[in-house]
Every structure is written in structure tokens, then in C-alpha cells.
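Structure assessment
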Amino acid sequence: MKKFYYFIVLFSAFSQFLFSQQGKEKTFSEIRKPYEKMAIDDIHAMPYVKLYIQKAKNENNFSKLIQGYRDGRQFDYKNKMKYADSALTVSLQYGTQDDISKEYLSKGIIYYFYQKKYKLALNEYLKAYTYSKGSKDQYHHFKVIYHLGIVKSHLGYYDEAMNHFLNCASYYRSKLNENLHENERFNYEKAYLNCLHQLTVLNRYLNNFSKSDSLSMLGYRLTDHNNDFALEKSYFLKCLGISRYHKKDYAGAQNHLQKSLPTILNRNDFAWASVVYYYLGKTYEAQNNINSAVVCYEKIDSIFNYHDFILPEVYKSYHYLIDNYKNKDVNKQLYYTNQLLKADSLISKDFPYLSLKLHKDFDRKTLIDAKEEIEKSSRKKMVIAQILIVLGGIVLGFLVVRHRKDQKIKKQYNLLQKRIAAGRYNINDVLKEDLKEFPVRKTSLTSEMTLEIKEKLKRFEQEEQFRKKGITQKSIALKLGTNSHYLSVYINEQKGMNFNRYMAELRINYITNLLNTNSKYLNYTIEALAEECGIAARQNFSNLFFDINGIRPTDYIKNRKKELGIG
């Protein structure tokens, strides 16, 4: 009947595909839609999966081909490793680092979950870890850490495994608060529930029974009435049954354990099935129900024979079987004795290999990674420190230069203020004793001419005619009723400077006195101050101010405001 049903599904799928070729060819999403929500290992998905793979091959679409092989691995129970190898082969040639890591992890899961070949599983996990380094896919990163935690738990490194599962649970739980697509949410919920289950088991191993019970109840509440997590619900029922056994509630233990068993067997999880049989046997044993206990323990032996696998937690069942057949059935007593020795040898062989491999290839790598990260961080900090030192030196140098400049400006300001206060700032005629530099006149000016120019030039200064723009030596000479040559001789001999310097000092002295006596001018712009004293250009004004006063107008204004207490 099953074969007939499979044929119908296959024929239907191919018919749809062939029919679609006559019209519009189905997209990858359309081919995948009928099976994307089917249960894991549901073989009815495979006709669609094969169509998906064929379409990807025809189009040389390698990313879709990888996905098709992944789907085959998920639904074809008998050929899981075949599809896993195909997905890995394509990923190694065309995929990303993340793709390769995921395929190694998937192979490890097949070895671990379906075949219980821990050595092979660990090898694949470690390859997955190597390729996942630096990955931005945090979900996958924690999935690798989760499965390494599974191996540590199997080896008895419970505290280390606990840290792995706590970190994974924290990450997966935090993601459930985000707005996720339903498929993403399902994956994060499933991962979180698996972490809860492992934490429940570990706390029981560590004799933290109350913690184990609370986690079991939490997991059961989260999975009850949710068919998507039927397997996870069975795991928590199993844990609750074991807890009831330890509390000597044998009826409650049997109830929970028996409810958990069908789904676990259906998923062919023979490892946890053997644990359920063991504790069912223990409950029967505690109630002196020898026949039922023997049946449960012989189930464990069947699993051992078929899968060549046994957990340390359950192999003690052989002690009961040996004692039960003692003096009753020598052949069975000898058989179970040999089985016990075989189980003990298998566990002893697996443990040192896995332990050495794990610590050599994972823990050592983790320490090296941590060391490199610390060194990288130290180098980064050193570079930052050096940059800060250089920048600090530059800033300090700038501050020192600025301080010295400020001090120099302050000194020049004080000197200028002293000159103004002492009345030595205005332009005065040169004293007779200063005329020794000019023993011979360049041209003769009569005393009358000298006196006349002096009086007229004095009136020119008092009336502030120098504030007019564009005045020249010639225009002033005409205004004074003389010629430019006589005016030039007078200014040189009587003022001790040339005409241009004389005009500059008149103007700068004028504006300096205004700044010193009338605070309103302190709020003028440099352009306005230049305009006020008859100088056309801002930069020319600033340069003349500095040349005559030894300080820039902006610095003079700043110091004057500070002295007056003006903000």
C-alpha cells in the first residue's frame, strides 16, 4: 500500500512538472511549496525534492542545487548521508564558507543523531567550527557550539557543556523577541527548546533536581498542544518521568515515560529510547515487577545489537539481566556478561578518543583564538595609545605655542597701554638732539615756510582730515598751499618718517585711541574699524595696526574687553 501511495505521489508530481512545461514552467518556490512544511523524514516530499534538484542542475543554479540536496537530506531517511555528501561537494566548489560549515555540521548531526557514531560526528563538528570562524551568521555559529556541547555532555564535561547550552539558550531566546518570519521563528523556538532539554538533562546529571524539574515543566508548557514540537514535548515528558522515578512516584514515572516513547521511537531516536526503556525498567524493578523490567532491559540490548551503540547511563541494565538469569539460564547469563564487557569496551574506547580530540582540536583552538583576539586587541590598544600620545603631543605643543603667543600678545598690549597712558603714543615733532642724523638738509626750507606748514599740518591733524579715503601727498600739499616736495621734506625732518608712514600712524593712532576710550568701538568689525579711520582694505588695516602697535586689532580688542570685564 505504501509503495502504491508513493507511486501515486511521484506520478502526480511528475505529471504536474511535465504539464507545466507546456505552459509556464514552475519556479523553485512553487516546486518547494508542497513539501516545505512536511515533517522531517517524510518520504512523500522526495518526488518534489527531485524535481527541485533537476531544475537546479538544468539551470546550473548552484545555490538552489545546494538547497535541493539539503532538502533531500532532510526528507530521505535512508539516503541522508548521500544527499549530505552531495550538498558538501557542491558547497566546496561553488558555495561560501558558511555553506561549507553548514554541510559539515549536517553530516555531524547525521552521524550523531541517526547513527550515534560520536567519533565521526565530532570530526565533522570540528570542521564546521573551523569554517564558521568569522561568520556573520550567528544562528549557525551557536548551532555549532550547541552540538559541541552535546559531545561534551556525552563525555561527562557537564560544567563546560552547561556553559555552551546556557549561551545558546540566551541567544535563541533573545531572538524570539524580534519580528521574525514564521520559518525563522520556528527554527529559533526549536533551537531554544533543544537547549532547555539539554540543560534539564545536565542539571539532573549534576544532581540539581529542582532546577531540572523546573526546566522540564517550562519545556513541557511551551510544547504542550503544539504539534510542531511533538518530539521536543516527548523529551520533556521523558525528563519528567525520570524525575518522578527519583521521587519514588513510580506510577507517575511510568505514565510520563510511556507517553514519551511512541514519538521518540517514531523519530528513530534510539539513544533516548534506550534511556526511556532503562527508567521504565527501573520503575518496574522498584515495584518488584521482574518480567516487565527484564523486557525493558532486553529492549536496550536489542538497540545495542542493532546500532552498536549504548549510553553509559543505561549499560548498568546488564547487571540486572545477569543477576536475573543467574542459576536459571547459564547461556543467557553468559551472553549478557559478554554484552556487558562489549559495552564497557565500546564506552572506554570512545571516551579517551573523543576527549583527546575535543580538547586538542576545539578547546586548544578556542584558547588560541582567544589568545589571538587578546593580542589583536592589545596591538589595537597600543596603536590607539600611540595615536593618542602623538595627538596629545600635538595638542600640548599647540597649547604651549598658543600660551606663549598669548603671553607675547598680553605683553605687547600692556606696553601699548603704558605708552597711551604716558602720553607717548601721539606723533610728535622730532627733538633738536634727534636731528644729528640729518646734519645736512636735503633742501632748504626757510623758517617762515617751516612754521607755515607746521601750523597748517597741525590743523589737518586736529580736523581729522586724514580719515578721508584716497588722499595723497600731492592733494594734501595743494590743500596746505605748498608743494608735495616741501611737504615731504617737512614730514621727513620734523616727524622723522616718510609721508606714507605718517598717514598710517595718524590713522592707526586715531582708531587705537577710540578703542581705548570708547567701548562701543570694541564691538565693531575689523572692516568697520578700517572704514572709520580711512583705510580701504581690511588686511591692510590689520597689517598696519600690527606694524605700529605690535599687536593685531583682534587681539587688542580681546584683551581690552577682558580688562574692562566685557563679555
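Preceding this section is the structure that the text describes.
A few points on the structure.

**Here we look at the environment of Ile242**
With respect to the helices and strands, the residue Ile242 is situated in helix H12 (residues 230–246). On the basis of relative accessibility, which here comes to 0%, the residue Ile242 falls in the buried class. Separated by 41 residues in the primary sequence, Ile242 and Thr283 place their C-alpha atoms 9.4 Å from one another.

**Here we look at the packing of aromatic side chains**
Evaluation of the coordinates by the stated rule reveals 30 aromatic pairs. Residues Tyr278 and Tyr297 carry aromatic rings whose centres are separated by 6.1 Å and whose planes lie at 40 degrees to one another, so their mutual orientation is tilted. A residue pair is termed long-range when its members are at least 10 positions apart, and Tyr278 in helix H14 (residues 270–286) and Tyr297 in helix H15 (residues 290–307) qualify at 19 residues. Side by side, Tyr278 and Tyr297 carry an identical accessibility label, which is buried. Connected via pairs of aromatic rings, a cluster forms that spans Tyr245, Tyr250, Tyr278, Tyr279, Tyr297 and Tyr320. Across from the ring centre of Phe304, 5.2 Å away, lies the NZ or CZ of Lys342, which sits over that ring.

**Concerning the pattern of salt bridges**
Counted by the stated rule, this structure contains 29 salt bridges. For Glu182, the salt bridge goes to Lys37, with nearest N and O atoms at 3.6 Å. Note that Glu182 is positioned in helix H10 (residues 182–205) and Lys37 in the loop between helix H2 (28–32) and helix H3 (46–58), a separation of 145 residues in sequence. The exposure class assigned to Lys37 is exposed, which follows from its relative accessible area of 63%. Note that Glu160 and Lys152 form a salt bridge whose closest N and O atoms lie 2.8 Å from each other. Note on Lys152: relative accessible area 3%, which makes it buried. Members of the salt-bridge network, linked through shared partners, are Arg70, Arg73, Asp99 and Glu103.

**Considerations on helix H7 (residues 118–132)**
Spanning 15 residues, H7 covers 20 Å between terminal C-alpha atoms, matching the ideal 21 Å at 1.5 Å per step. Listed in full, the buried residues belonging to H7 are Tyr118, Ala121, Leu122, Asn123, Glu124, Tyr125, Leu126, Ala128, Tyr129 and Ser132.

**Quick notes on the packing of helix H21 (residues 499–517) against helix H22 (residues 526–533)**
Remark: H21 packs on H22, axes separated minimally by 9 Å, with the N-to-C direction vectors making an angle of 120 degrees. One element, H21, and the other, H22, form an angle in the oblique class. Between H21 and H22 lies a crossing whose hand is right-handed. On H22, the residues touching Arg507, Tyr510, Ile511, Leu514 and Leu515 of H21 are Leu529, Glu532 and Cys533.

**As for empty space enclosed by the protein**
The probe, sized like a water molecule, is rolled over the atoms to show the empty space still left. Enumeration over the complete set of coordinates arrives at 1 cavity of 30 Å³ or more. Size it by volume and the largest cavity reaches roughly 50 Å³. Of all elements in the fold, only H10, helix H11 (209–223) and H12 reach the threshold of two or more residues within the lining of the largest cavity. Of all the elements, H11 adds the most residues to the lining of the largest cavity, at 4 residues. Residue composition of the lining of the largest cavity, by class: 2 nonpolar, 4 polar and 2 charged.

**Some thoughts on the nonpolar core**
Tyr125, Tyr172, Ile310 and Tyr318 are the most contacted members of the largest nonpolar core, which has 91 residues in total. Among the elements that line this core, the one with the most residues is H14, at 11 residues. One finds Ile409, Tyr413, Phe545 and Tyr556 within the second-largest nonpolar core, a separate group that totals 41 residues.

Rules and cut-offs
- Residues numbered from 1 in each chain as written.
- Predicted model: local features only at pLDDT ≥ 70, side-chain atom pairs only at ≥ 80, totals over all residues.
- Heavy atoms only, no water.
- Helix = DSSP H or I, 4+ residues; strand = E, 2+ residues; numbered from the N terminus.
- Buried < 20%, exposed > 50% of the residue type's maximum accessible area, 1.4 Å probe, protein only.
- Phe/Tyr/Trp six-rings, centres within 6.5 Å; stacked < 30°, edge-to-face > 60°.
- Lys NZ or Arg CZ within 6 Å of the ring centre and 35° of its normal.
- Salt bridge = Lys/Arg side-chain N within 4 Å of Asp/Glu carboxyl O.
- Expected span 1.5 Å × (residues − 1).
- Axes fitted to C-alpha atoms, helices over the stretch in contact; angles between N-to-C directions.
- Parallel < 35°, antiparallel > 145°, perpendicular 65-115°, else oblique.
- Left-handed = near helix turned anticlockwise from the far one by under 90°.
- Contact = heavy atoms within 4.5 Å.
- 1 Å grid on protein atoms, 1.4 Å probe; cavity = no way out; pocket = protein on both sides within 12 Å on 5 of 7 lines; lining within 4 Å.
- Points joined across faces, edges and corners; volume = space filled by probe spheres on them.
- Nonpolar A, V, L, I, M, F, W, Y, C, P; charged D, E, K, R; others polar.
- Core = buried A, V, L, I, M, F, W, Y, C linked by side-chain atoms within 4.5 Å.

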